[in-house]
Amino acid sequence: MISRWITAVLDTDLAGGLAVVRGPEGFLLDDNGPLFPREWLKRQPLAVMAEHGIGHLDGEPVYLLELGAAADVEGCHWQGLRSFMLQGDHTLYKVLGYAAQIGTWAREHRFCGSCGQAMTQVPRERAMYCATCDLRSYPRISPSMIVLITHGDEILLARSPRFVTGVYSTLAGFAEPGESAEDCLIREVREEVQVEVKNIEYVGSQCWPFPHSMMLGFHAQYAGGQIVPQADEIEDAQWFNIHHLPPLPASRSIARYLIDLYVARRLGHAEPVLPS
Ligand SMILES: NC(=O)c1ccc[n+]([C@@H]2O[C@H](COP(=O)([O-])OP(=O)(O)OC[C@H]3O[C@@H](n4cnc5c(N)ncnc54)[C@H](O)[C@@H]3O)[C@@H](O)[C@H]2O)c1
Ligand SMILES: [Mg+2]
Ligand SMILES: [Zn+2]
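Residues numbered from 1 in each chain as written. Chains lettered and ligands numbered in written order. Predicted model: local features only at pLDDT ≥ 70, side-chain atom pairs only at ≥ 80, totals over all residues. Heavy atoms only, no water.

Student: Can you tell me about the site of ligand 1, naming the residues and giving the values?
Tutor: The environment of ligand 1 is formed by 18 residues, the closest being A172, F174, E192, S213 and A255. E188 is positioned such that a nitrogen or oxygen atom in its side chain is 3.4 Å from an oxygen atom of ligand 1. Taking I254, its main chain carries an N or O atom lying 3.3 Å from an oxygen atom of ligand 1. The fraction of the free accessible surface of ligand 1 (840 Å²) that becomes covered by protein chains is 65%. With respect to the pocket detection grid, ligand 1 is positioned in the largest pocket. Where the shell around ligand 1 is concerned, the elements lending two or more residues are β11 (142-151), β13 (171-174), α4 (181-193), β14 (196-208), β15 (213-224) and α5 (254-267). Residue composition of the shell around ligand 1, by class: 8 nonpolar, 6 polar and 4 charged. (Near = heavy atom within 4 Å. Polar contact = N/O pair within 3.5 Å; in protein donor to acceptor, adjacent residues only side chain to side chain. Areas by Shrake-Rupley, 256 points an atom, 1.4 Å probe, with all protein chains shown as cover. 1 Å grid on protein atoms, 1.4 Å probe; cavity = no way out; pocket = protein on both sides within 12 Å on 5 of 7 lines; lining within 4 Å. Sits in = over half its atoms within 2 Å of the grid points. Helix = DSSP H or I, 4+ residues; strand = E, 2+ residues; numbered from the N terminus. Nonpolar A, V, L, I, M, F, W, Y, C, P; charged D, E, K, R; others polar.)

Structural data, given as structure tokens:
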């Protein structure tokens, strides 16, 4: 299947194409969605801080206009990336997720982290450059492990104080320097619930642009220990029987996929598809 969305570094000096606009409250949207003719956008009263050529959607060049401040455009409103993930067209969500990550990274790398001088965008490459100390900064991705721990028909789920009321999910955490994916998984599980795991198996991955995680999904079997939730980070953690599950995360999350996949295999049902 030919991909509808292909990322690319496009020349912002060329005219035309489509553009998405991102401000402090998310992406600009009208009745036709978040993609606008780029030349029309340039006539609107927008405080554009930076422009990035981000790729091709169905062959059309797509740009991102990153705003420094909120703006009112007649007939339009703003919507956060999470809403696009939950409700929107999947390809459009991929475009906006990529745009958000490039916009955030470029905004946070306007100045060199080494000497503090202004950085410039490298032509034809997704990089910011400091001429003073010859430093290049590339988009940042933070690897995070996410794991479903199981014990027969029981699965270990937890809730963070940040979750929607009632929702329980798989354990997750960011890799630290010096760790392998497995080291991180074992450490995070110990920290968050004080449980030991065995037979760790990689299942699949997902880009999670909130703001720049790369989720690496695993399945692991319970090996021992009593659940002790980590103070502040984990509000509650429990074993749930696959026939009596609590409210679960959104269907596009890899957390939900790991749970649905295990339940489907256990019950001999059709397996779900990993959301990309
Ligand atoms: N797609 C999914 O299904 C899914 C499900 C659960 C979590 N997640 C994501 O996984 C990521 C990690 O999960 P978590 O929040 O439980 O992490 P975590 O258990 O490592 O704890 C979060 C804490 O880590 C620190 N932190 C923040 N950013 C960091 C970074 N880049 N590197 C190292 N430490 C950092 C902060 O102190 C933060 O409060 C988050 O981005 C979360 O949104 C995705
Ligand atoms: Mg965590
Ligand atoms: Zn520098």
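After that view, the rundown keeps rolling.
Student: Lay out the pattern of salt bridges with the relevant residues and their values.
Tutor: All told, the structure shown has 16 salt bridges when counted by the stated rule. One salt bridge in this structure joins K42 and E51, with 3.4 Å as the shortest N-O distance. Among the residues examined, E51 registers a relative accessible area of 16% and is labelled buried. Across the pair R159 and E235 runs a salt bridge, and its minimum N-O distance is 2.7 Å. (Salt bridge = Lys/Arg side-chain N within 4 Å of Asp/Glu carboxyl O. Buried < 20%, exposed > 50% of the residue type's maximum accessible area, 1.4 Å probe, protein only.)

Student: Got a sec to walk through the layout of surface pockets? Specific residues and values, please.
Tutor: Roughly 1000 Å³ of volume is contained in the largest pocket. Contributing to the lining of the largest pocket are 33 residues, with R82, R162, F163, S169 and W208 lying nearest its centre. For the lining of the largest pocket, the element with the most residues is β13, which contributes 4 residues. Taken together, the residues that form the lining of the largest pocket break down as 19 nonpolar, 8 polar and 6 charged. Both domain 1 (5-107) and domain 2 (142-267) contribute no fewer than three residues apiece to the lining of the largest pocket. A volume near 350 Å³ is recorded for the second largest pocket. In terms of lining, the second largest pocket is formed by 20 residues, of which the most central are G97, Y98, Q101, C207 and P209. Looking at the lining of the second largest pocket, the elements with two or more residues in it are β1 (5-10), α3 (90-107) and β15. Sorting elements by how many residues they give to the lining of the second largest pocket places α3 first, with 8 residues. Its residues assigned to classes, the lining of the second largest pocket shows 11 nonpolar, 7 polar and 2 charged. (Points joined across faces, edges and corners; volume = space filled by probe spheres on them. Domains from an automatic or database assignment.)

Student: Now, about the coordination of the zinc ion (ligand 3): what can you tell me, with residues and values included?
Tutor: Ligation of the zinc ion (ligand 3) by protein atoms is provided by C112 (SG), C115 (SG), C130 (SG) and C133 (SG), these donors lying 2.1 to 2.4 Å from the ion. For the zinc ion (ligand 3), the 4 donor atoms in the first shell make angles of 100 to 124° at the metal, a pattern classed as tetrahedral. Here the donor residues of the zinc ion (ligand 3) share one chain and are spaced in sequence as C-x2-C-x14-C-x2-C. Of the two residues, C115 sits in the loop between α3 and β8 (120-121) while C133 sits in the loop between β9 (128-130) and β10 (135-137), which places them 18 residues apart along the sequence. (Donors = N, O, S within 2.8 Å, 3.2 Å for Na, K, Ca; no water. Tetrahedral: all angles 85-135°; square planar, octahedral: opposite > 155°, others 65-115°.)

Student: Which residues make up the nonpolar core, and what values go with them?
Tutor: Counting 35 residues, the largest nonpolar core has F27, I54, L81, L148, I155, L157 and I259 as its most contacted members. Those elements that place two or more of their residues in this core are β3 (26-29), β5 (48-57), β6 (60-67), α2 (81-87), α3, β11, β12 (154-159) and α5. Among the elements that line this core, the one with the most residues is α5, at 8 residues. The residue makeup of this core includes at least three contributed by each of domain 1 (5-107) and domain 2 (142-267). (Core = buried A, V, L, I, M, F, W, Y, C linked by side-chain atoms within 4.5 Å.)

Student: Could you give an account of the coordination of the magnesium ion (ligand 2), naming the residues involved and the relevant values?
Tutor: Reference geometry at the metal: tetrahedral coordination by four donors gives ideal angles of 109.5 degrees; octahedral coordination by six donors gives 90 or 180 degrees. For the magnesium ion (ligand 2), every protein donor is listed as A172 (O) and E192 (OE), and the spread of their distances is 2.1 to 2.2 Å. Of the two residues, A172 is situated in strand β13 and E192 in helix α4; the sequence distance between them amounts to 20 residues. A172 gets classed as partly exposed once you look at its relative accessible area, which sits at 31%.

Student: Which residues make up the domain arrangement of the chain, and what values do they have?
Tutor: When cut into domains, the chain gives domain 1 (5-107) and domain 2 (142-267). Opposite the 11 residues of domain 1 that make contact, domain 2 presents 8 residues. Of the roughly 870 Å² buried between domain 1 and domain 2 on both sides combined, carbon and sulfur atoms contribute 62%. Among the residues domain 1 hides against domain 2, the three largest losses belong to R82, M85 and Q101. Together they make up 54% of the total. Counting the contacts that link domain 1 with domain 2 gives 0 salt bridges. (Contact = heavy atoms within 4.5 Å. Buried area = accessible area lost by both parts, 1.4 Å probe.)

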